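As a plain string of letters, each chain reads:
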Amino acid sequence: RKEVEQDPGPFNVPEGATVAFNCTYSNSASQSFFWYRQDCRKEPKLLMSVYSSGNEDGRFTAQLNRASQYISLLIRDSKLSDSATYLCVVSYQGGKLIFGQGTELSVKP
Amino acid sequence: GAVVSQHPSRVICKSGTSVKIECRSLDFQATTMFWYRQFPKQSLMLMATSNEGSKATYEQGVEKDKFLINHASLTLSTLTVTSAHPEDSSFYICSARGSSGAFFGQGTRLTVV
């Protein structure tokens, strides 16, 4: 079983749609949680950190449920520029990051 | 914000040669850096943890004699792919942890022909 598992993609949605990504992790020693965005053939860029209390950044909302070892990302009012691969990432003490396989999002006009 | 610079961004080499990739933290000191590899349509896989002044820690299945890591200063880690073969062709990315999170280099696309 992979340490970090994500929804299989791709997600093809129209502009303006709301889309949700799910992620589960297997190691309860995980300390921090993130969503990264990766555009084709580029390095990953931090989208947002994820906290148990939930956090929101504009159109993006992230949630963490430590008991269920579950992380989610909600994107509202999708834009064409949101098209990318979204990576669920878990970190451990020392800064080691473990990546999920990524979920590809394609927002169409 | 913190910046990590990786060089070269793209390299094509002949099978059997060695390739060195550099990763620099430009405005912060990084005692630890991480090297990842990403094959097409797959996620980033951690290869090794580079520790300044000591030996790197390799993930299971990664050959330490093939992927040589040197972290000689607080701002520079290098990954050398020795005796490269076509199956080593991949996207290699380094990462360093600054005070406000993890930052990635731009990545190196290695093609072995």
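In this text the structure is predicted, and so the values were computed from the model without any measurement. (Residues numbered from 1 in each chain as written. Chains lettered and ligands numbered in written order. Predicted model: local features only at pLDDT ≥ 70, side-chain atom pairs only at ≥ 80, totals over all residues. Heavy atoms only, no water.)

Asks: It is not clear to me how the packing of aromatic side chains should be interpreted in this structure. Could you clarify?
Replies: Aromatic ring pairs are reported here in terms of the distance separating the ring centres and the angle at which the planes meet. What the rule picks out here adds up to 12 aromatic pairs over all chains. Look at A:Tyr36 and B:Phe104: their rings are 5.5 Å apart centre to centre, the planes differ by 85°, and that puts the pair in the edge-to-face class. Taken together, the residues span two chains, with A:Tyr36 in strand E4 (residues 32-38) and B:Phe104 in strand E10 (residues 101-104). Judged by relative accessible area, which is 1%, A:Tyr36 ranks as buried. Between A:Phe99 and B:Phe104, the ring centres sit 5.8 Å apart and the planes meet at 70°, which makes this aromatic pair edge-to-face. Pair noted here: A:Phe99 is in strand E10 (residues 97-99) and B:Phe104 is in strand E10, and the two residues belong to different chains. For the pair A:Phe99 and B:Phe104, one class covers both residues: buried. Counting every residue linked through ring pairs, the aromatic cluster contains A:Phe34, A:Tyr36, A:Phe99, B:Tyr36 and B:Phe104. Taking NZ or CZ as reference, B:Arg109 lies 4.4 Å from the ring centre of B:Phe91, over its face. (Phe/Tyr/Trp six-rings, centres within 6.5 Å; stacked < 30°, edge-to-face > 60°. Helix = DSSP H or I, 4+ residues; strand = E, 2+ residues; numbered from the N terminus. Buried < 20%, exposed > 50% of the residue type's maximum accessible area, 1.4 Å probe, protein only. Lys NZ or Arg CZ within 6 Å of the ring centre and 35° of its normal.)

Asks: What is the right way to read the interface of chain B and chain A from this model?
Replies: In many reports, interface size means the accessible area that the parts give up when they come together. Contacts between chain B and chain A engage 18 residues on the former and 16 residues on the latter. Summed over both sides, the interface between chain B and chain A buries roughly 1400 Å², with carbon and sulfur atoms accounting for 54% of that surface. Our count for the contact surface shared by chain B and chain A stands at one salt bridge. The shortest N-O distance in the salt bridge between B:Glu59 and A:Lys96 comes to 3.3 Å. Our count for the chain B to chain A interface comes out at five residue pairs in polar contact (both at pLDDT 80 or more). Elements with a contribution of two residues or more to the side of chain B that touches chain A: strand E4 (32-38), strand E9 (90-98) and E10 of chain B. (Contact = heavy atoms within 4.5 Å. Buried area = accessible area lost by both parts, 1.4 Å probe. Salt bridge = Lys/Arg side-chain N within 4 Å of Asp/Glu carboxyl O. Polar contact = N/O pair within 3.5 Å; in protein donor to acceptor, adjacent residues only side chain to side chain.)

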